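Chain and residue survey
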Amino acid sequence: MTAAADQKRHIVIFAFITALCILGDSMLYIVLPIHYQEMGVSSLWEVGIILAVNRIVRLPLNPCIGWIYSHLSERTGIFVAVVLAAATTFSYGFLPNLAFWIIARCVWGVAWTLLRLGSLFCILKLSSQDNRGQYTGLYNGLYSLGSLGGMLLGGILADWAGITATVTVFGTATAMAIFLTLFCIPVGNDQYAKYTDNPNGCASFISIVQDRNALWMMATGCLLALVFQGIVASTLSRLIFVHTNGGLTLFGSMVGASILGGFFQALRWGWEPWLAPLAGRFSDQRFGRTNMLICSFASGTMAFAALASPLPLLFWFLCILCMQLTATMLTTLTDAAAADAAAVAGERTLLMAYALSVDVGAALGPLIAYGMNEFWGIKTVYACCAALFAILFVKWRCHPVRLA
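So, here's what we can say about the structure.

**Examining the overall build of the chain**
The number of helices and strands found in the chain is 16 helices and 2 strands. Within the chain, contacts between residues separated by at least 24 positions form 84% of all contacts whose residues are at least 6 apart in sequence.

**Focus: the pattern of salt bridges**
According to the stated counting rule, one finds 4 salt bridges in the structure shown. Between R105 and D25 there is a salt bridge, with the nearest N and O atoms lying 2.7 Å from each other. Highlighted residues: R105 in helix α5 (residues 98-126) and D25 in helix α2 (residues 23-35), separated in sequence by 80 residues. Here R105 falls in the buried class, since its relative accessible area comes to 0%. D25 sits in the buried class, given a relative accessible area of 12%.

**Observations concerning the nonpolar core**
In terms of nonpolar packing, the biggest core is built from 64 residues, with I17, L32, V47, I78, Y92, W101 and W108 touching the most fellow members. Breaking this core down by element, the ones donating at least two residues are α1 (3-21), α2, α3 (44-69), α4 (74-91), α5, α6 (132-160), α7 (163-175) and α15 (348-376). Sort the elements by how many residues they give to this core and α5 lands first, with 15 residues. Sequence-distant contacts of Y92, that is, excluding residues within four places in its chain, are made with G24, D25, M27, L28, M39, W101, A104, R105, W108 and V167. Counting residues in hydrophobic clusters, the runner-up holds 42 residues, among them I231, L260, F317 and A327.

**Some details on the environment of F121**
The topology assignment puts F121 in helix α5. Considering only alpha carbons, one finds F121 and M352, 231 residues apart in sequence, at a separation of 9.5 Å.

**With respect to the packing of aromatic side chains**
For the structure on display, the rule yields 14 aromatic pairs. Ring plane angle 50° and centroid distance 5.1 Å describe the contact between Y139 and Y143, whose orientation is recorded as tilted. Of this pair, Y139 and Y143 both sit in helix α6, 4 residues apart, which is roughly one turn of the helix. Overall, Y143 belongs to the buried group, its relative accessible area being 15%. Aromatic ring contacts, followed pair by pair, group F228, F297, F304, Y382, F389 and W396 into a single cluster.

**Quick word on the side chain of H243**
With respect to the helices, strands and loops of the structure, H243 is situated in helix α11 (residues 212-243). Here the side chain of H243 touches L311 through a polar contact of 3.4 Å, landing on its backbone oxygen. Beyond its immediate stretch of four places on either side in the chain, H243 contacts S309, P310, L311, L313, W316 and K379.

Here is what the cut-offs are and how they apply
Residues numbered from 1 in each chain as written. Predicted model: local features only at pLDDT ≥ 70, side-chain atom pairs only at ≥ 80, totals over all residues. Heavy atoms only, no water. Helix = DSSP H or I, 4+ residues; strand = E, 2+ residues; numbered from the N terminus. Contact = heavy atoms within 4.5 Å. Salt bridge = Lys/Arg side-chain N within 4 Å of Asp/Glu carboxyl O. Buried < 20%, exposed > 50% of the residue type's maximum accessible area, 1.4 Å probe, protein only. Core = buried A, V, L, I, M, F, W, Y, C linked by side-chain atoms within 4.5 Å. Phe/Tyr/Trp six-rings, centres within 6.5 Å; stacked < 30°, edge-to-face > 60°. Polar contact = N/O pair within 3.5 Å; in protein donor to acceptor, adjacent residues only side chain to side chain.

So, to be careful, I would describe these as geometric facts and stop short of saying anything about function.
Following this line, the structure appears as structure tokens:
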């Protein structure tokens with residue numbers, strides 16, 4: 001096996017393990033806003049807290065997990081993440097109140113931080129400037145299959161079979177990742193030695209904070225996570241519920257908002273395994289990351305503005321597809337751009353700072369979305385997303401960030 005093939009195999013295995021681990025988390029974003037009372041939650045503002053708390057707990061965890069990976073093998077770190085992910089997924093059908101939900105989501109936050117930082121370090125270690133976008137897209141695209149299964153099957157199973165059956169199926173699937181971890185990830189303690197041994201970590205962090213380009217890169221990651229990981233992931237089914245007045249009648253049968261939300265979310269995760277690597281490869285070799293980012297911000301501005309408008313249903317659904325395409329492009333491009341900057345200077349410290357900024361945005365998203373929803377409605381939230389994308393478009397168009 002060639003070195004390039006071995007590198008791709010390593011990333012593919014890592015991606016499939018991640019996909020199995022995120023099944024339960026992805027299911028919650030579709031099911032919980034609709035079935036929250038059946039799951040021990042009394043109000044929608046509690047839904048916002050539950051969907052945000054795992055992101056909040058990740059904020060102080062990033063430097064801790066980065067330090068752990070400098071002393072722990074990749075295999076051990078991923079094994080711990082898989083066990084925690086399986087345990088929390090099984091628990092989602094039996095939690096009696098908000099306090100227990102917060103504990104379970106904090107435990108999931110630890111698992112995801114182990115997976116997220118592990119993947120960033122792995123891609124940085126295995127890639128070069130010529131293939132970093134492709135490898136980033138390959139990982140993002142394949143692990144999104146977990147979101148595909150969680151959101152599509154989660155919505156269907158929850159509506160037709162109930163919550164207990166849903167979490168049992170997903171928890172069992174997540175537990176299967178233990179075997180992939182034990183038999184497919186090699187034993188070794190030097191996976192990230194080059195990128196985690198940094199005696200001047202404090203000085204590196206200060207230099208990043210003083211670098212305007214690095215700050216804008218972090219701000220871009222934060223705002224994109226706020227919108228896509230926070231707001232869209234946690235409110236799309238709610239937005240569809242409001243726009244369709246509860247659901248859609250097809251062939252004489254009522255299709256609920258949770259199923260529609262799961263379907264549209266699943267479409268994105270269905271095309272990501274091939275579209276995300278393609279977008280990364282184009283940004284590596286043909287169009288450049290900055291040009292593709294600018295076009296994606298323009299597309300996102302128009303899509304979110306349309307979703308906040310009282311458009312005919314068919315055209316409105318097409319705008320959801322456009323928004324999801326934009327999410328695929330921007331997630332791959334910004335992760336690859338952050339890795340570009342980390343490969344030149346800062347390395348582990350810059351990646352940790354970028355991951356921290358992404359977690360800040362993802363944590364704030366559900367809180368902001370459901371807080372604004374209480375006062376101004378869900379469509380106002382999406383109008384604000386359009387405004388954020390317009391700001392990012394102007395910034396990257398007029399004063400592009402130097403990536404390397």
